[in-house]
Amino acid sequence: MTLTLLAMPGNEAQANALAIRMGCAVMLPQMRRFPDGETYLRLEGAVTQNAAIVCTLDRPDAKFLPLVFAADTLRDLGAGRVGLVAPYLSYMRQDTRFQAGEAVTSRSFAHALSRSFDWMVTVDPHLHRYRSASEIYSIPVSVLHAGPLLAQWIAAHANAPVLIGPDSESVQWVSAVAAKLNAPFTVLEKVRKGDREVEVRIKDSQILETGRQAVIVDDILSSGRTMLEAVKLAKRAGAPSPICLAIHAVFAEGAEQPLSAQGARIVTADTIAHPTNAIAVAGLLAEAIRASVAA
Ligand code: R5P
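From a predicted model like this one, the values you see are computed outputs, not experimental measurements.

Basis of the calculations
Residues numbered from 1 in each chain as written. Predicted model: local features only at pLDDT ≥ 70, side-chain atom pairs only at ≥ 80, totals over all residues. Heavy atoms only, no water. Near = heavy atom within 4 Å. Polar contact = N/O pair within 3.5 Å; in protein donor to acceptor, adjacent residues only side chain to side chain. Areas by Shrake-Rupley, 256 points an atom, 1.4 Å probe, with all protein chains shown as cover. Helix = DSSP H or I, 4+ residues; strand = E, 2+ residues; numbered from the N terminus. Nonpolar A, V, L, I, M, F, W, Y, C, P; charged D, E, K, R; others polar. Phe/Tyr/Trp six-rings, centres within 6.5 Å; stacked < 30°, edge-to-face > 60°. Lys NZ or Arg CZ within 6 Å of the ring centre and 35° of its normal. Salt bridge = Lys/Arg side-chain N within 4 Å of Asp/Glu carboxyl O. Buried < 20%, exposed > 50% of the residue type's maximum accessible area, 1.4 Å probe, protein only. Pairing = 2+ DSSP bridges. Contact = heavy atoms within 4.5 Å. Axes fitted to C-alpha atoms, helices over the stretch in contact; angles between N-to-C directions. Disulfide = S-S within 2.5 Å. Core = buried A, V, L, I, M, F, W, Y, C linked by side-chain atoms within 4.5 Å.

Lining the immediate surroundings of the ligand are 15 residues, of which Arg-93, Asp-218, Asp-219, Ser-223 and Thr-226 lie closest. Residue Arg-93 places a side-chain N or O atom 2.6 Å away from an oxygen atom belonging to the ligand. Take Asp-219: an N or O atom from its side chain is 2.6 Å from an oxygen atom of the ligand. The protein chains hide 96% of the 380 Å² of surface that the ligand would expose on its own. Elements that contribute at least two residues to the shell around the ligand include exactly β11 (189-194), β13 (213-221) and α6 (225-236). Here the element with the most residues in the shell around the ligand is β13; it accounts for four residues. Residue composition of the shell around the ligand, grouped by class: two nonpolar, five polar and eight charged.

Moving on, we come to the packing of aromatic side chains. Given two aromatic rings, one states the distance between the centres and the angle between the planes to describe the pair. On inspection of all chains with the given rule, the structure shows three aromatic pairs. Residues Phe-34 and Tyr-40 carry aromatic rings whose centres are separated by 6.0 Å and whose planes lie at 90° to one another, so their mutual orientation is edge-to-face. Between Phe-64 and Phe-109, the aromatic rings sit 5.9 Å apart at their centres with planes inclined by 50°, giving tilted as the arrangement. Of this pair, Phe-64 sits in helix α2 (residues 60-76) while Phe-109 sits in helix α3 (residues 105-116); the two residues are 45 residues apart in sequence, bridging distant segments of the chain. A network of ring pairs unites the aromatic residues Phe-64, Tyr-91 and Phe-109 as a single cluster. The cationic tip of Arg-32 hangs over the ring face of Tyr-40; the distance from NZ or CZ to the ring centre is 4.9 Å.

On to the pattern of salt bridges. The final tally for this structure, using the stated rule, is eleven salt bridges. We note a salt bridge from Arg-59 to Asp-58, for which the minimum N-O separation is 3.0 Å. A salt bridge links Glu-189 to Lys-203; the nearest nitrogen and oxygen atoms lie 4.0 Å apart. Residue Glu-189 is located in strand β11, and its partner Lys-203 is located in the loop between β12 (197-201) and β13; the two are separated by 14 residues in the primary sequence. By relative accessible area, which is 69% here, Lys-203 ends up exposed. Overlapping salt bridges bring together Asp-58, Arg-59 and Lys-63 as one network.

Across five bridges, β11 lies against β12 in antiparallel orientation. Within β12, the position partnered with Val-191 by the bridge is Glu-199. With antiparallel pairing between neighbouring strands as the criterion, β11 and β12 make up a hairpin whose turn holds two residues.

Let's shift gears to the sheet that holds strand β2 (residues 26-27). What the six strands build is an open sheet, ordered β2-β1-β5-β6-β7-β8; its pairing is parallel. The open sheet has two free edges, formed respectively by β2 and β8 (141-144), since each of these has just one partner strand. The sheet contact formed by strand β5 (residues 50-54) and strand β6 (residues 81-86) spans five bridges and is parallel. Directly across from Ala-52, in β6, lies its bridge partner Gly-83. Along the sheet, helix α8 (residues 282-294) contacts β5, β6, β7 (119-123) and β8; its crossing angle with β7, the most-contacted strand, is approximately 165°.

Moving on, we come to the side chain of Ser-222. Within the secondary structure layout, Ser-222 lies in the loop between β13 and α6. Setting aside its immediate chain neighbours within four residues, Ser-222 contacts Arg-93, Val-250, Phe-251, Ala-252 and Ala-255.

Turning our attention to the sheet that holds strand β16 (residues 277-279). In space, the six strands of this open sheet follow the order β10-β9-β13-β14-β15-β16, with parallel pairing throughout. Of all strands in the sheet, those with a lone pairing partner are β10 (185-187) and β16, marking the two edges. Looking at each pair of strands side by side, their axes are set apart by 30° on average, direction ignored. Seen against the sheet, helix α4 (residues 147-157) touches β9 (161-165), β13, β14 (243-249), β15 (265-269) and β16 and runs at an angle of roughly 155° to β14. Along the sheet face, α6 touches β9, β13 and β14 and points at about 165° away from the line of β13.

Under the defined criterion, the tally for this structure stands at zero disulfides. Here Cys-24 is not cross-linked by a disulfide; its sulfur's nearest cysteine counterpart is in Cys-55, at 17 Å.

Moving on: the nonpolar core. Core analysis: the largest hydrophobic core is formed by 42 residues, its most contacted members being Leu-18, Ile-154, Leu-285 and Ile-289. With six residues, the single largest contributor to this core is α8. Leaving out residues up to four positions away in the same chain, Leu-285 has contacts with Gln-14, Leu-18, Val-85, Pro-87, Val-121, Val-123 and Leu-144.

Okay, structure coming up:
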């Protein structure tokens, strides 16, 4: 495929996996910080009419400006259309003004990215109050779903699974995965009391007393508190060694240790590079990139 595929720093492995599937080369930017903190960026090599930048968007603030510079530079060097491949799309959780005066950052971020790109491909963005990404993004967005891949992983690694969704928002993922596996599931009630403080409750704890392998399924593992409280609850309810399965391994500082201390096995998709990655999304992404380029 004739495509300039640019990998922003930290995205080389995903870009290489995509390049193999799509028969193109990976372009790597030269980037460094000037002493004053500004970004130096240089792209070397021929740029084709169609270009895409691979940049997963965890820790987005530091990534954003270099990403905009890279998109602009691809256009300066000859690209007619520039797409963004962001396996994890950040700033989706502040989707309303919870308190007077708060920034609705999901909307501002969407406007900013829509100005720099012609299309975007992403995996399971956190759609809660927005029904679709197009409510805030003015460019075409291919929203891919990792659910079938999670189901495949569970089928291969968990004997007689029972799935747990840690909060009402997770019902969309957990119910889809449970349906694929024909497995029972329950959804917990979660109350978030702060950035790193959550409480969870279960209404039907008998579902966890059946000797089945408990698998907690969530979209994002950030502070890890949601998973941690769900693990503790599952253990109390009679499921001794639950597996934590998340799509996006954000892993804020300090997230991993308390979960490991509970003896929980953590498995994630590779939308964000992390040692817990065990589920590859390159196949999904490659197909959507081809379709976006062709559109
Ligand atoms: C929230 O609704 C999401 O689906 C996740 O449950 C949440 O982002 C996890 O965050 P944390 O790891 O900080 O508890």
